[in-house]
Amino acid sequence: MQSVLSRDLKESLDTRKQVEIFSDFFRKTRKQTSQVSQKQSSSYKDSLIRITSTPVKDESRKTRINSRQKFDAFSRQWHEETFVLSSTTEICSHNAYLEIINMGDEVLPFILEDLKKSPDHWFSALRSITGSGPVLPEQRGRMKQMAKAWIDWGFENGYLNH
Amino acid sequence: MSVKNDDISLITQSFPSLESSGYEVTSAATKEYNCIAWAAGEDDIWWWPHHDSYWPTGIPKEEKIESFIEAYQTIGYEICKTSNFAQGYEKIAIYTKIIDGKSIPTHAARQLPNGKWTSKLGTKEDIEHNDLNAISGFWYGYHVRYMKRAISM
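Would you mind going over the overall build of chain A with me for this structure?
For chain A, the helix and strand inventory stands at 7 helices and 0 strands. Tracing chain A from N to C terminus, the helices and strands come up as α-α-α-α-α-α-α. In chain A, which comprises 162 residues, the share counted as buried stands at 37%. A sequence separation of at least 24 residues applies to 53% of the contacts in chain A between residues at least 6 apart. In the form shown here, chain A has an accessible surface area of approximately 9,900 Å², with 51% of it arising from carbon and sulfur atoms.

I'm lost on the nonpolar core in this one. Help?
Among soluble globular proteins, nonpolar side chains are generally buried collectively. One finds Ile111 and Trp122 of chain A together with Ile36 and Tyr72 of chain B to be the most contacted residues of the largest nonpolar core, which totals 74 residues. In terms of residue count, helix H7 (residues 143-156) of chain A provides more of this core than any other element does, 7 residues in total.

Please clarify how the packing of aromatic side chains should be interpreted in this entry.
In this description, an aromatic ring pair is defined by two values, namely the gap between the centres and the angle between the planes. Residues and elements named next belong to chain A. Applying the stated criterion across every chain, the model contains 17 aromatic pairs over all chains. Between Trp150 and Trp153 the ring centres are 5.3 Å apart and the planes differ by 65°, which places this aromatic pair in the edge-to-face class. Within this pair, Trp150 and its partner Trp153 are both found in helix H7, separated by 3 residues, close to a single helical turn. The exposure class assigned to Trp153 is buried, which follows from its relative accessible area of 11%.

What should I look at first to understand the pattern of salt bridges in this one?
Under the counting rule described, the total for this entry stands at 9 salt bridges over all chains. Between Arg127 of chain A and Asp52 of chain B there is a salt bridge whose closest N-O contact spans 2.8 Å. Taken together, the residues Arg127 of chain A in helix H6 (residues 123-130) and Asp52 of chain B in the loop between helix H3 (35-39) and helix H4 (65-73) connect one chain to another. The residue Arg149 of chain B makes a salt bridge to Glu90 of chain B at a minimum N-O spacing of 2.7 Å.

I'm lost on the state of the cysteines in this one. Help?
Covalently bonding the sulfur atom of one cysteine to the sulfur atom of another cysteine gives a disulfide. As enumerated under the stated definition, the model contains 0 disulfides over all chains in all. Between Cys35 of chain B, a cysteine without a disulfide, and Cys92 of chain A, which holds the nearest cysteine sulfur, the sulfur-to-sulfur distance is 15 Å. No disulfide involves Cys80 of chain B; its sulfur sits 18 Å from that of Cys35 of chain B, the nearest cysteine.

Sorry, what's going on with the packing of helix H4 (residues 95-102) of chain A against H6 of chain A here?
When two helices pack together, you describe them by how their axes are tilted relative to each other and by the distance separating the axes. Residue and element names in this part refer to chain A. Put simply, H4 and H6 touch, their axes get as near as 9 Å, and they point 30° apart. If you check the angle between H4 and H6, you find them roughly parallel. By crossing handedness, the relation of H4 to H6 is classed as right-handed. Touching Tyr97, Ile100 and Ile101 of H4 are Phe123, Ser124, Ala125, Ser128 and Ile129, all from H6. When the residues that make up the contact of H4 with H6 are grouped by side-chain class, the tally is 6 nonpolar, 2 polar and no charged.

Where do I start with the interface of chain A and chain B in this structure?
How big an interface is tends to be expressed through the accessible area that disappears when the partners come together. Each side of the interface is counted separately: chain A has 31 residues, and chain B has 31 residues. Interface of chain A and chain B: buried area, both sides summed, is about 3,000 Å²; carbon and sulfur atoms make up 58% of it. At the surface where chain A touches chain B, the tally comes to 4 salt bridges. The closest approach of N and O atoms between Arg142 of chain A and Asp44 of chain B, which form a salt bridge, is 3.3 Å. Across the chain A-chain B interface, the total number found is 16 residue pairs in polar contact (both at pLDDT 80 or more). Looking at the side of chain A that touches chain B, the elements that each hand over two or more residues are helix H1 (2-51), helix H2 (58-82), helix H3 (88-91), H6 and H7 of chain A.

Even after reading the chapter, I still don't get helix H5 (residues 108-117) of chain A, so can you show me in this structure?
Every α-helix winds through 3.6 residues per turn, so residues three or four apart in the chain are directed the same way. All names here are of chain A. In terms of residue burial, H5 counts as a mostly covered element, since 7 of its 10 residues are buried. Burial in H5 covers these residues: Leu108, Pro109, Phe110, Ile111, Leu112, Asp114 and Leu115. Buried residues in H5 make contact with H2, H4, H6 and H7.

I tried to follow the environment of Asp52 of chain B on my own but got confused; where do I start?
Taking relative accessible area as the criterion, Asp52 of chain B reaches 5% and is therefore assigned buried. Between the alpha carbons of Asp52 of chain B and Ile94 of chain B there is a distance of 21 Å; along the sequence they are 42 residues apart. Contact partners of Asp52 of chain B, with chain neighbours within four places excluded, come to Phe123, Ser124, Arg127, Gly141 and Met146 of chain A. There is a polar contact of 2.8 Å between the side chain of Asp52 of chain B and the side chain of Arg127 of chain A.

Quick notes on the rules
Residues numbered from 1 in each chain as written. Chains lettered and ligands numbered in written order. Predicted model: local features only at pLDDT ≥ 70, side-chain atom pairs only at ≥ 80, totals over all residues. Heavy atoms only, no water. Helix = DSSP H or I, 4+ residues; strand = E, 2+ residues; numbered from the N terminus. Buried < 20%, exposed > 50% of the residue type's maximum accessible area, 1.4 Å probe, protein only. Contact = heavy atoms within 4.5 Å. Areas by Shrake-Rupley, 256 points an atom, 1.4 Å probe, with all protein chains shown as cover. Core = buried A, V, L, I, M, F, W, Y, C linked by side-chain atoms within 4.5 Å. Phe/Tyr/Trp six-rings, centres within 6.5 Å; stacked < 30°, edge-to-face > 60°. Salt bridge = Lys/Arg side-chain N within 4 Å of Asp/Glu carboxyl O. Disulfide = S-S within 2.5 Å. Axes fitted to C-alpha atoms, helices over the stretch in contact; angles between N-to-C directions. Parallel < 35°, antiparallel > 145°, perpendicular 65-115°, else oblique. Left-handed = near helix turned anticlockwise from the far one by under 90°. Nonpolar A, V, L, I, M, F, W, Y, C, P; charged D, E, K, R; others polar. Buried area = accessible area lost by both parts, 1.4 Å probe. Polar contact = N/O pair within 3.5 Å; in protein donor to acceptor, adjacent residues only side chain to side chain.

Just geometry here; none of it tells us what the structure is for.
Spelled out as structure tokens, the structure:
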């Protein structure tokens, strides 16, 4: 009994130590990323303003920039905290992922642009936000084919431009 | 094959025992397949009992060890008692972790002909590792079930 208890205690301490090491690593990484992104932020905003320089009201441009920044922050957090997982369920129920879903259809262009760069686990979010399902049953799990199905859907529905 | 230094750091931070027990990165990072598919010998599909992933037809889409065992049985694996190397067979080990009081499968590793193990780490790289325990712990829990199938010549 004693050996079982001490093994459990050791595992618990090992796990705690691992969480501390991991959190520390992410804090350092975030700090470095933040220093880089501060340098880049003005050019990033400039480029966003250029992209959105169609005749729209200032307010909607600001909203779009805020949405983009929120999306990027949640997306970064989601990737950082799920990279080691294989469970689609766990990956797609992460808090940051759910926050992105809560942002609604304003994130669709961002997600679809991201999918154009490389396949990722955005399919559950896309289904939740749009209520659509362009992926065929035989394509499930084939990330490239699923991404293509959604990108095609994005073009057809005006969320992506040629 | 290019492996980012950041990824090496992430791997060793996530699995601290890997360095001392020995491991090698054997692929580039990819989101095209996961460990469950990789253990099944596939590298272009993501297996999971979930609507947006592949799961063998007719097998319950449940996050239970029984469902994972049935999934591997569809490709010729049968349950065996240990992870010990057996000539003429390839083995897989399934890991589970307690989440909300339930034992949930988290990871699978496949034994190589040299007796070492190969694992795909989430959306990152494949690794070859000497010891199943090296990736046990916080993320994947522990290896609890083993399966084997004869190697076709």
